[in-house]
Amino acid sequence: MSGKYDIVIVGSGGGGLTAALVATSLGKSAVVLEKGPTIGGTFAYSTGLAWIPNNRHMQAAGIDDSVEEACAHIRSLSGGRHDEALLRSFVTNSSAAIAFLEDRCGVPFEMPDNFPDYYSELEGGKVAGRHLSSPIFPAKEHLPDEWRSQLTNSPYYAMVPASWKEIQGWGGFGTVATWDWTMLAQRIRDDYRAFGSAVAGWMLASLIRQNVAVRPHADVRSLVVDAGRVVGVRASTPAGDELFEARYGVILATGGYDGSEVLKRRWDPHPMTVRLGAPTVDGSGLVMALEQGAAMAMFDGQLLVPAYNIPGEAAADQPLYRLFIRELCFPGSMVVNRRGKRFGDETFYRDLCHEMVHFDPLSQEFPNLESYFICDQEWKDRYPLASVMPGDVPGWMISADTPAELARKIDVDEDGLTETIATFNGPASRGEDPAFGRGSTNHGRNGGDPSVQPNPCVRPLQGRLYAVRMALGTAGTNSGLVINHEAQVMHVRGDPIPGLYAAGNVAANLAEGLWYNGGISNAKGMTFGYIAVRNALDAAPVG
Amino acid sequence: MPEVAYTTVVHAPQTAIWDFVKVMDNWAPYVTGYQSHEVIDDSDSIWTLKGDVGVLSRVVQFRVHITEWAGPARVAFTMSGIDEQTEGEGLFVMGPVAAEGDAAAGPAPVPPRKGWWQSLRSRVILFFYRRSNPQQTERIVSQTGPAASQLAFTLRMKSGGVIGPVVDAMIEPMLAPAAEDLANKIANQVERLAAHGEASGG
Ligand SMILES: Cc1cc2nc3c(=O)[nH]c(=O)nc-3n(C[C@H](O)[C@H](O)[C@H](O)COP(=O)(O)OP(=O)(O)OC[C@H]3O[C@@H](n4cnc5c(N)ncnc54)[C@H](O)[C@@H]3O)c2cc1C
């Protein structure tokens, strides 16, 4: 079974679904080919935030922003590694892409309050407004049953079918004990989706309503090239080997290579990460483009995130590692290495991860890679750790009455941990952290506990202590295909490869260089999916 | 509180079912998600199960305590999560096949045999369930076996703590298939053993 479409899209994350919606809304035919059994990719696993500067929701809320401010912000923080044309293309098109999805495709977005940029204090930064997400998605209402079961649900967030805006209204993650869990249980029975699965759900529902061809179990193996132009793909599907021809272009939206141990070892300085995203995001799109001579840009490895595993939890046949970000901001906690020493500002996971992969050439080891989250009794009594609710102490959680005893249990230097906690606790009683500045940024404070003052991220550690082993996680990759501002994939010799476009993590971080802000990955996927289709449709069709 | 009851007809004498059920090791591997179990004494054991909760799977341990050991008619037990705040109770009832509309005796009554609509509905549900759960056991109904008996299995679970309602909501869809699967596998095996004239252990 073969087919001919205006646009052929490989991968069903945010980039792929957006591309299909844009093509369809512009009156063109599209097919989405997805290798996995369900639709949504890592996008549907994600917390669903998109970093969209100068968006209409912030304008409506009276928050000033501009393309110039956003460009200046990224430019000053990219480490000189961004591509100016790509940066401008991203910033000018991201708000247009969201407006298009809302107005033309029925995909709603809303602006959670108080979401500061990671670097809001620096040039062009904002304390709120640039993060958008979707309201919850009532899947039963909007998708036929056979499609409902094919919409990826997040192993991380399926238990919390609530939107960011709602959660903020309920007081944030620090107040879970007071949420209405009976109402949330009813939402689970009614198959409501949240976060990334909600955004993907709204998108999929729109595609299904418009009878767009969405094909799970379609594993694209190669690009089809005719006279130097990419004119289609070959996919292995339950029907066999299928050819999908593209009149205007093929859009690779296959994600990065975080699901491939081989590619991580080949390309990344720090391959020792555990995967958090979808297992099918294995770099195959990237490899197909490289086969056609595409250029690749190497960045700083992966989108590193602290992670932890609750023993016994698994997804897709491997231990499930959860993001360990918000929990690290709450006061009464710290992260230490084997020597019992802190090594970064725990309220900024990027700092922590950067230190976790620090290689010491004197000892020839990664001194911070093996690290532990330590919290005290009050932390345990007040805050959740995934499904471990405030006050619950599961058997796998290691605890002790003194730092020395805890250190012994987790094989950390006893004197080191004892001294670290004592040194931290003095200034912490005044809400200060002179060593690493916990709570010194808007971003850090936003993740803390506002009821703890003067610093919502700092309080001395007292009473019984608890430890959780940390892991280094990957939520995506930064290296990838070189694209231009029109989302065309560039040949290693310098020109665009005709007919080939890329959106999302399959492309390198050229819009932002070494800068990163929560929401930028999802935003780039959707924005370049939008840009790619619009530009592809400007070209003369084949056939 | 999520609760399911499932009844199946077994073409074997009631004593054959009892002989099989009374030896926990016989049917332990038929429990959905079974990983292992450790017998502590005559009435207590620790079970390790792997539960698929949507896209997430979780290995959980339960302490199972037999509260009633009344062969050849009934076995009742309670279960409580070791690291989870989930409690439950289960009941096997073995007896003659109940007539249409009969209710089996016992504290956790076996529901009346299904009417045509109910059984059609559950067949449809089961069909879709099996499509996504290929391991689900089909009931191989022996037409020629000896006198028929009935095996009814009832299972109730309840989760406590703040997020208890959400855990229950996630467990609910797994319970009916798990109960049916266990009862069907036991029935199939008892019939197989009866047909071969084999002792069922114990
Ligand atoms: C827990 C978690 C939370 C996150 N939260 C956020 C957040 O809030 N905001 C944010 O911006 N980022 C977040 N991220 C990162 C972000 O979700 C990803 O970077 C983003 O989803 C990448 O999108 P994408 O469109 O490139 O592709 P993906 O979503 O990765 O999808 C790619 C798809 O392509 C398919 N595919 C691959 N190869 C083939 C092939 N050969 N043939 C057919 N199909 C193929 C894959 O199966 C997959 O479905 C998070 C990540 C994780 C793990």
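If you're wondering where the values come from, they're calculated on a predicted model, not measured in any experiment.

> Just checking my understanding: could you explain unusual backbone geometry for this structure?
In terms of backbone geometry, most residues other than glycine have negative phi values and most peptide bonds are trans. Residue and element names in this part refer to chain A. Put simply, Q453 and P454 share a cis peptide bond, and its omega is 10°. Mapping P454 onto the fold places it in the loop between α17 (442-447) and β18 (465-477). Here N54, not a glycine, exhibits a phi torsion of approximately 55°, which is positive. Note on placement: N54 falls in the loop between β3 (50-51) and α3 (56-60). With a phi angle near 55°, Q364 is a residue other than glycine that sits in the positive phi range. Here Q364 lies in the loop between α13 (349-356) and β16 (371-376). Here Q364 falls in the exposed class, since its relative accessible area comes to 55%.

> I would appreciate a short explanation of the side chain of A:H131 in the present structure.
Residues and elements named next belong to chain A. Mapped onto the fold, H131 is located in strand β4 (residues 131-132). One polar contact links the side chain of H131 to the main-chain carbonyl oxygen of F115, over a distance of 3.3 Å. Only 3.2 Å separates the side chain of H131 from the backbone oxygen of G518, close enough to count as a polar contact. Beyond its immediate stretch of four places on either side in the chain, H131 contacts L49, A50, W51, E110, M111, P112, F115, P116, D117, N517 and G518.

> Hey, could you run me through the domain arrangement of chain A in this one?
All names here are of chain A. By domain assignment, chain A separates into domain 1 (3-220 + 478-531) and domain 2 (304-474). Each of domain 1 and domain 2 has a C-alpha centre, and these two points are 30 Å apart. In total, domain 1 and domain 2 occlude about 1,700 Å² of area from one another, counting both sides; carbon and sulfur atoms represent 59% of this. Counting the surface domain 1 buries against domain 2, the share from its top three residues, Y118, E121 and Y156, is 31%. Run the count over domain 1 and domain 2 and you get zero salt bridges. The tally of links between domain 1 and domain 2 comes to seven residue pairs in polar contact (both at pLDDT 80 or more). In terms of residue class, the side of domain 1 that touches domain 2 is built from 15 nonpolar, three polar and two charged.

> I would appreciate a short explanation of the state of the cysteines in the present structure.
Formally, a disulfide is one covalent bond, and it connects the sulfur atom of one cysteine to the sulfur atom of another. All names here are of chain A. What the rule picks out here adds up to zero disulfides over all chains. Not engaged in a disulfide, the cysteine C329 finds its nearest cysteine sulfur in C457; these two sulfurs lie 5.7 Å apart. Exposure remark for C329: the relative accessible area of 4% places this residue in the buried category. For C457, a relative accessible area of 1% translates into the label buried.

> Which parts of the structure should I look at to understand helix α4 (residues 164-195) of chain B?
In an α-helix, one full turn covers 3.6 residues, which means residues spaced three or four apart are oriented alike. All names here are of chain B. Given a rise of 1.5 Å per residue, 32 residues ought to cover 46 Å, and the 45 Å separating the end C-alpha atoms of α4 matches this to within 8%. Taken as a whole, α4 carries its principal kink of about 35° at E172; the proline P173 stands between one and four residues after it. Backbone geometry just after α4 places G197 at a positive phi near 65°.

> Where do I start with the packing of aromatic side chains in this structure?
A ring pair, where both rings are aromatic, is described by two values, the distance of the centres and the angle of the planes. Residue and element names in this part refer to chain B. Taken as a whole and judged by the stated rule, the model has 34 aromatic pairs over all chains. An angle of 65° between the planes, with centres 5.3 Å apart, marks the rings of W27 and F92 as edge-to-face. Of this pair, W27 sits in helix α2 (residues 24-27) while F92 is found in strand β6 (residues 86-96), placing the two residues 65 residues apart along the sequence. As far as burial versus exposure is concerned, W27 and F92 are alike and both buried.

> Could you clarify how one ought to interpret helix α4 (residues 67-77) of chain A in this entry?
Among all positions of α4(A), only A:V67, A:A70, A:C71, A:A72, A:H73 and A:I74 are buried. Looking one or two residues beyond α4(A), the residue adopting positive phi is A:G79, at roughly 65°.

> Can you walk me through the environment of A:E68 in this structure?
All names here are of chain A. Note that E68 resides in helix α4. What makes E68 partly exposed here is its relative accessible area of 44%. The spacing of E68 and M159 is 91 residues in sequence and 40 Å in space, taken between C-alpha atoms. There is a polar contact of 2.7 Å between the side chain of E68 and the side chain of R88.

> For this particular structure, what's the right way to read the site of the ligand?
All names here are of chain A. Taken together, 38 residues lie around the ligand, and E34, T47, T280, N505 and N522 are the ones closest in. The contact in question runs from an oxygen atom of the ligand to an N or O atom on the backbone of G15, over 3.2 Å. When the ligand is considered free in solution it has 1,000 Å² of accessible area, and contact with the protein chains removes 97% of it. Going through the elements one at a time, α1 (14-25), α2 (41-45), β8 (219-226), α12 (284-291) and α18 (520-538) are the ones with two or more residues in the shell around the ligand. By residue class, the composition of the shell around the ligand is 14 nonpolar, 21 polar and three charged.

> Just to check I follow, could you spell out the interface of chain A and chain B for this structure?
Size of an interface, as often reported, equals the accessible area lost when the parts are brought together. At the interface, 26 residues of chain A touch 15 residues of chain B. Both faces considered, chain A and chain B share a buried interface measuring about 1,800 Å² in area, 64% of it formed by carbon and sulfur atoms. The largest per-residue losses of area from chain A upon contact with chain B belong to A:M159, A:W181 and A:R189, which jointly make up 27% of the total buried on that side. One can count two salt bridges joining chain A with chain B. A salt bridge links A:R189 to B:E172, with the nearest nitrogen and oxygen atoms 2.7 Å apart. Connecting chain A to chain B are seven residue pairs in polar contact (both at pLDDT 80 or more). For the side of chain A that touches chain B, the secondary-structure elements that each account for two or more residues are α9 (181-189), β13 (302-315) and β14 (318-323) of chain A.

> Sorry if this is basic, but what is going on with the pattern of salt bridges here?
Opposite charge on two side chains allows them to pair when their charged atoms are near. Residue and element names in this part refer to chain A. Applying the stated rule across the entire model yields 45 salt bridges over all chains. A salt bridge links D103 to R56; the shortest N-O distance between them is 2.6 Å. Here the residue D103 occupies a position in helix α5 (residues 84-105), and R56 occupies one in helix α3, the gap between them amounting to 47 residues. Between D117 and R130 there is a salt bridge; the shortest N-O distance is 2.7 Å. Within this pair, whereas D117 is found in the loop between α5 and β4, its partner R130 is found in the loop between α5 and β4, the two being separated by 13 residues in sequence. Grouping residues by exposure puts D117 and R130 together as buried. Each of D376, E378, R382, D449 and R459 takes part in salt bridges that share partners, so that together they form one network.

Reading the values: the criteria
- Residues numbered from 1 in each chain as written.
- Chains lettered and ligands numbered in written order.
- Predicted model: local features only at pLDDT ≥ 70, side-chain atom pairs only at ≥ 80, totals over all residues.
- Heavy atoms only, no water.
- Helix = DSSP H or I, 4+ residues; strand = E, 2+ residues; numbered from the N terminus.
- Buried < 20%, exposed > 50% of the residue type's maximum accessible area, 1.4 Å probe, protein only.
- Polar contact = N/O pair within 3.5 Å; in protein donor to acceptor, adjacent residues only side chain to side chain.
- Contact = heavy atoms within 4.5 Å.
- Domains from an automatic or database assignment.
- Buried area = accessible area lost by both parts, 1.4 Å probe.
- Salt bridge = Lys/Arg side-chain N within 4 Å of Asp/Glu carboxyl O.
- Nonpolar A, V, L, I, M, F, W, Y, C, P; charged D, E, K, R; others polar.
- Disulfide = S-S within 2.5 Å.
- Expected span 1.5 Å × (residues − 1).
- Bend = angle between axes of the 7 residues up to and from the residue.
- Phe/Tyr/Trp six-rings, centres within 6.5 Å; stacked < 30°, edge-to-face > 60°.
- Near = heavy atom within 4 Å.
- Areas by Shrake-Rupley, 256 points an atom, 1.4 Å probe, with all protein chains shown as cover.

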